[in-house]
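Now for the letters of each chain:
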Amino acid sequence: MRVMTWNLWWRFGPWEQRQHAILDVLRDIRPDVIGLQEVWAQGDDNLAAWLAGELGMHWTWVASDAPWRFHKRLGDATVDVGNAVLSRWPIAEHASLRLPVDDGTDDGRTALYTLLDAPGHQVPFFTTHLNSAPRESAVRCRQVAAVARFVAERGSGAGTDHPPIVTGDFNAEPDSDELRLFGSQGLMDAWHLADPQAPSVTWDLANDYPSLTFERGWRIDYIHVGLPGPGGLGTIRSARRAGDVPVDGVCPSDHAAVVAELGP
């Protein structure tokens with residue numbers, strides 16, 4: 001199974017050209033299932049729906065119920081933002097979780113659950129997008145705890161031997177409190193199985209868009225997988241970066257994607 005996660009940078013920058021660059025990358029990678037963040041929708045138009053239609057995939061999504069900060073940045077209050085899942089296989093069920101914010105910035109962040117009718121086994125698959133401000137580590141810790149409970153409830157209740165797969169933009173580095181807490185729940189970072197010499201930064205200053213922020217590069221996008229099932233079901237075989245070079249002169253997103261191969 002080829003799994004992918006990607007933050008698509010909503011409707012920022014040259015979004016119409018980026019939309020086609022994103023599609024070209026997905027056609028080249030040919031993932032079986034994709035967790036997407038910062039997906040836009042406007043009226044009857046939805047980026048996830050369009051990508052699914054072009055790729056012949058199933059899809060579902062959940063919109064933020066507090067997109068006002070995104071609207072302010074774009075200057076357009078008619079465009080929704082949310083998380084989505086695209087799957088080669090039918091989506092048997094789906095549900096979403098509103099993440100806690102306490103005293104943090106409330107952007108209506110969510111976790112999206114799907115149960116995929118893959119050949120041989122149903123697969124519990126999740127995607128999420130945590131708060132972004134560097135000062136909000138404590139908020140993200142509460143959010144990853146909520147996501148872990150959501151994964152435990154939905155994954156264990158799915159009646160399948162396949163381990164849960166959790167994708168997303170965590171806005172935190174691998175050695176952060178947030179990621180250590182999440183990893184303590186029995187969910188392995190797929191990048192541990194990557195080539196140690198391979199580029200791993202997903203918010204990369206080599207990309208035209210992050211370079212304008214004058215921030216440093218971070219690895220903040222993840223694929224996590226639970227403990228393997230019988231016979232090594234869901235074992236992580238490899239991980240790598242993707243979508244990290246321009247397509248016809250256009251960077252598809254401000255984030256690189258992460259791709260993992262699962263076995264056996």
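Parameters and conventions
Residues numbered from 1 in each chain as written. Predicted model: local features only at pLDDT ≥ 70, side-chain atom pairs only at ≥ 80, totals over all residues. Heavy atoms only, no water. Helix = DSSP H or I, 4+ residues; strand = E, 2+ residues; numbered from the N terminus. Rg over C-alpha atoms; globule rule 2.2 N^0.38 Å. Contact = heavy atoms within 4.5 Å. Expected span 1.5 Å × (residues − 1). Pairing = 2+ DSSP bridges. Axes fitted to C-alpha atoms, helices over the stretch in contact; angles between N-to-C directions. Polar contact = N/O pair within 3.5 Å; in protein donor to acceptor, adjacent residues only side chain to side chain. Core = buried A, V, L, I, M, F, W, Y, C linked by side-chain atoms within 4.5 Å. Buried < 20%, exposed > 50% of the residue type's maximum accessible area, 1.4 Å probe, protein only. Salt bridge = Lys/Arg side-chain N within 4 Å of Asp/Glu carboxyl O.

**Some points on the overall build of the protein**
When helices and strands are counted, the protein shows five helices and 13 strands. Taken against the 2.2 N^0.38 rule, which gives 18 Å for 264 residues, the C-alpha radius of gyration of the protein at 17 Å falls within 12% of a compact globule. Summarising the internal contacts of the protein: among those between residues at least 6 apart in sequence, 74% fall at separations of at least 24.

**Observations concerning helix α4 (residues 137-156)**
Along its 20 residues, α4 runs 28 Å from first to last C-alpha, staying within 8% of the 28 Å computed at 1.5 Å per residue. Summarising the contacts, the buried residues of α4 are in contact with β6 (91-98), β7 (110-117), β8 (122-129), β9 (165-169) and α5 (177-183).

**Some remarks on the sheet that holds strand β11 (residues 221-225)**
With respect to topology, six strands assemble into an open sheet ordered β6-β7-β8-β9-β11-β10, the strand pairing being mixed. Of all strands in the sheet, those bounded by a partner on one side alone are β6 and β10 (188-189). Here β9 runs beside β11; their pairing, made up of five bridges, is antiparallel. Paired with T167 across the bridge in β11 is I223. The sheet contacts of α4 involve β6, β7, β8 and β9, and relative to β6 the element is tilted by about 155°.

**Let's talk about unusual backbone geometry**
Looking along the chain, the bond that leaves G263 and enters P264 is cis, with omega of 15°. For P264, the location among the structural elements is in the segment after β13 (257-262). For E38, which is not a glycine, the phi torsion comes out positive at approximately 55°. Phi at D248 takes a positive value of approximately 50°, unusual for a residue other than glycine. Looking at where D248 falls in the secondary structure, it is placed in the loop between β12 (236-242) and β13.

**A short note on the side chain of S64**
By secondary structure assignment, the location of S64 is in the loop between β4 (58-63) and α3 (68-74). Separated by 3.0 Å, the side chain of S64 and the backbone nitrogen of A66 make a polar contact. Ignoring any residue separated from it by four or fewer positions in sequence, one finds S64 in contact with V81, G82, D107 and G108.

**Let's talk about the environment of C141**
Locating C141 in the fold gives a position in helix α4. The spatial distance from the C-alpha of C141 to the C-alpha of T128 is 14 Å, given a sequence separation of 13 residues. Apart from the residues lying within four places of it in its own chain, the contact partners of C141 are D177, E178 and L181.

**Side note on the nonpolar core**
Core analysis: the biggest nonpolar cluster contains 34 residues, and M4, W6, L26, L36, L51 and L86 have the highest contact counts within it. When contributions to this core are tallied by element, the ones reaching two or more residues are β1 (2-7), α1 (15-29), β2 (33-42), α2 (47-55), β5 (80-87) and β13. A per-element tally of this core places α1 first, with six residues. In this view, L36 contacts W6, L8, L51, G82, N83, A84, L86 and T127; residues no more than four positions away in its chain are not counted. Counting 22 residues, the second-largest nonpolar core is a separate cluster that includes V3, L116, V123 and L262.

**Structural notes on the pattern of salt bridges**
If you walk through the whole model with that rule in mind, you get 13 salt bridges. D65 is paired through a salt bridge with R98; the nearest N and O atoms lie 2.7 Å apart. Here the residue D65 occupies a position in the loop between β4 and α3, and R98 occupies one in strand β6, the gap between them amounting to 33 residues. Here D65 falls in the partly exposed class, since its relative accessible area comes to 49%. One salt bridge in this structure joins D204 and R241, with 3.0 Å as the shortest N-O distance. Of this pair, D204 sits in the loop between β10 and β11 while R241 is found in strand β12, placing the two residues 37 residues apart along the sequence. Taking relative accessible area as the criterion, D204 reaches 22% and is therefore assigned partly exposed. Residue R241 is classed as buried on the basis of its relative accessible area of 16%. Put simply, D65, R98 and D106 are held in one network by salt bridges that share partners.

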